[in-house]
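# Coordinate analysis (summary)
Listed below, chain by chain, are the residues.
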Amino acid sequence: MNTIYLDNNATTRVAPEVFEAMTPYFTELYGNPSSMHSFGGQVGHAIDKARQSIASLLGAQPSEILFTSCGSESDNTALAAAVQTRPEKKHIITTRMEHPAILAPCQHLERRQGYRVTYLGVDSKGRLDMDEYREALTPDTALVSIMFANNEVGNIYPIQQMAAMAKEKDVLFHTDAVQAVGKIGINLAELPVDFLSLSGHKLHGPKGIGVLYIRKGVRFAPYLRGGHQERGRRAGTENVPYIVGMGKAAELAAANIVQEQVQVAALRDQLEKEILAHVPLCMVNGDTENRLPNTSNIAFKNVEGEAILLMLDRLGICASSGSACTSGSLEPSHVLRAMGVPFTFAHGSVRLSLSRYTTQEEVEFTARELPAVIENLRALSPFK
Ligand SMILES: *Cc1c(COP(=O)(O)O)cnc(C)c1O
């Protein structure tokens with residue numbers, strides 16, 4: 001049985017070109033870039049090249065690119081830097097839609113360090129209210145952190161406008177762009193954000209490598225201290241093969257993004273349309289007007305999301321549900337709860353996320369099999 005991988009917002013396949021670019025840095029070019037000998041030194045050029053590739057994908061300068069170990073580290077680092085460089089300010093603005101890598105450190109600041117955190121709410125489609133945001137910005141606000149695109153429903157947020165509003169009030173602005181980079185165009189030359197996070201494994205790079213963009217001139221405080229690597233901004237011997245892989249992933253994204261967006265969106269739309277046409281009592285979660293091209297989150301009334309995933313798994317289809325199994329109970333995810341998706345729908349929410357490797361045949365197979373899965377589960381369901 002072939003695997004049909006429709007869970008690309010959880011992680012992606014490492015592109016073959018990326019793997020190939022990384023390999024020599026395990027086997028032959030394993031020197032330490034900090035060494036005095038040329039064997040180590042030559043590795044430094046590979047890091048420079050990767051930094052350049054990432055900068056050019058984002059419209060940034062290479063000196064603004066800091067390598068980290070993952071998207072979560074980038075998010076935590078940005079928050080910590082803002083808090084440390086603006087110690088007199090004790091307020092943070094974020095949203096209820098963020099990834100736990102932002103929500104958990106915000107909750108920590110709130111509970112342990114006396115910060116006030118505003119979690120902006122959303123409407124039923126997951127959209128933010130700009131008036132609520134404007135009112136939340138105060139002279140005491142150290143940082144605003146808003147995701148560029150949401151991992152569960154795919155909503156894209158108006159980062160250009162929101163960052164500009166923060167700048168008017170001299171407030172630092174961070175965006176978690178882990179789901180956006182490589183899927184939609186981002187040009188930091190025109191986007192007034194101070195910090196931006198990305199992660200290798202969400203754009204066909206390896207797991208365990210991330211980037212934090214830090215705008216030139218913005219004050220920074222390191223999260224990891226110890227070595228002089230990354231110009232003193234992050235200690236630790238550079239993860240050279242993964243940095244090279246991340247650079248290659250950025251190059252591939254830059255070369256293919258326009259064509260890929262169209263191709264992936266067409267497949268996603270086809271899949272969604274077929275499902276909506278053949279399954280009664282279902283709806284799309286999120287803002288269909290302003291969404292990542294690869295993401296579809298569909299709520300099926302009166303079915304358990306986990307049951308759907310198990311049935312799909314038997315067919316070789318990998319997807320995700322909109323519930324998080326926290327402390328043994330199946331709760332709808334914080335994102336679906338923030339949107340107020342009714343319980344009978346939220347419990348049966350499934351996320352299908354495509355990639356450049358998704359094929360027409362895979363979409364057709366999924367669209368053909370899914371209606372029967374839902375029908376069978378509903379026949380067994382006690383709620384009718
Ligand atoms: C995956 C993800 C992260 C975390 O990235 P890791 O590299 O897995 O730590 C952060 N934010 C968003 C929106 C994500 O989708």
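Residues numbered from 1 in each chain as written. Predicted model: local features only at pLDDT ≥ 70, side-chain atom pairs only at ≥ 80, totals over all residues. Heavy atoms only, no water.

### Some thoughts on the sheet that holds strand S6 (residues 172-176)
Which entries qualify depends on this criterion: A pair of strands is considered paired only if DSSP assigns at least 2 bridges between the two. Counting from the N terminus, the helices are DSSP H or I runs at least four residues long and the strands are E runs at least two residues long. To define axes, lines are fitted to C-alpha atoms, for helices over the stretch in contact only, and angles between the resulting N-to-C directions are given on a 0 to 180 degree scale. Any pair of residues with heavy atoms lying within 4.5 Å of one another is described as a contacting pair.
One open sheet accounts for 7 strands, arranged S2-S8-S7-S6-S5-S3-S4; its pairing is mixed. Unpaired on one side and paired on the other, strand S2 (65-68) and strand S4 (116-120) mark the two borders of the sheet. Shown here is a sheet whose adjacent strand axes are inclined to one another by a mean of 20°, direction ignored. As judged from the 4 bridges shared by S2 and strand S8 (residues 210-214), these two strands associate in the antiparallel manner. When the sheet's bridge partners are listed, phenylalanine 67 is paired in S8 with valine 211. Lying on the sheet, helix H4 (residues 71-85) is in contact with S2, strand S3 (91-95), strand S5 (141-145), S6, strand S7 (195-199) and S8; it crosses S7 at an angle near 165°. In this fold helix H5 (residues 100-112) packs onto S3, S4, S5 and S6, with an angle of close to 145° to the strand it touches most, S4.

### Here we look at the nonpolar core
Operational definition: Here, nonpolar core means buried Ala, Val, Leu, Ile, Met, Phe, Trp, Tyr and Cys residues that are tied together by side-chain atoms lying within 4.5 Å of each other. Burial here depends on accessible area, computed with a 1.4 Å probe over protein chains only, as a share of the maximum for the residue type. Under 20% is buried, over 50% is exposed, and the range in between is partly exposed. Those domain boundaries reflect an automatic or database domain assignment.
Membership of the largest hydrophobic core comes to 70 residues, with the highest contact counts inside it found for Leu58, Phe67, Tyr133, Phe173, Ile186 and Leu196. Counting only domains with at least three residues in this core, you end up with domain 1 (4-12 + 256-380) and domain 2 (16-255). Residues in contact with leucine 58, not counting those within four places in the same chain, are Ile65, Val181, Ile186, Asn187, Leu188, Leu196 and Leu198. By size, the runner-up hydrophobic cluster in this structure holds 25 residues, among which are Val264, Leu267, Val350 and Leu370.

### A short note on the site of the ligand
Counted only if it meets this: We call a residue near a molecule or strand as soon as one heavy atom of that residue lies within 4 Å of the molecule or strand. Contacts described as polar in this section are N or O atom pairs within 3.5 Å, which, within protein, must combine one atom able to donate a hydrogen with one able to accept it, while residues neighboring in sequence count only if both atoms come from side chains. Accessibility throughout is a Shrake-Rupley quantity obtained with a 1.4 Å probe, and a residue counts as covered only by protein chains that appear here. Amino acids are sorted into nonpolar (Ala, Val, Leu, Ile, Met, Phe, Trp, Tyr, Cys and Pro), charged (Asp, Glu, Lys and Arg) and polar (every other residue, Gly among them).
Lining the immediate surroundings of the ligand are 13 residues, of which Ser72, Asp176, Gln179, Ser199 and Lys202 lie closest. One of the side-chain N or O atoms of aspartate 176 is found 2.7 Å from a nitrogen atom in the ligand. Alone, the ligand offers 380 Å² of accessible surface; in the complex the protein occludes 90% of this. For the shell around the ligand, the element with the most residues is H4, which contributes 3 residues. Partitioning the shell around the ligand into residue classes produces 3 nonpolar, 7 polar and 3 charged.

### Concerning the domain arrangement of the protein chain
Inclusion rule: Summed over both partners, the accessible area (1.4 Å probe) lost when two parts come together is defined as the buried area.
According to the domain assignment, the protein chain consists of domain 1 (4-12 + 256-380) and domain 2 (16-255). Centre-to-centre separation of domain 1 and domain 2, based on C-alpha positions: 28 Å. Listed as interface residues are 29 residues of domain 1 and, on the opposing side, 36 residues of domain 2. Of the roughly 2800 Å² buried at the junction of domain 1 and domain 2 (both faces included), carbon and sulfur atoms supply 51%. A per-residue breakdown of the area domain 1 buries against domain 2 is headed by Thr12, Ile257 and Leu292, which together make up 21% of the total.

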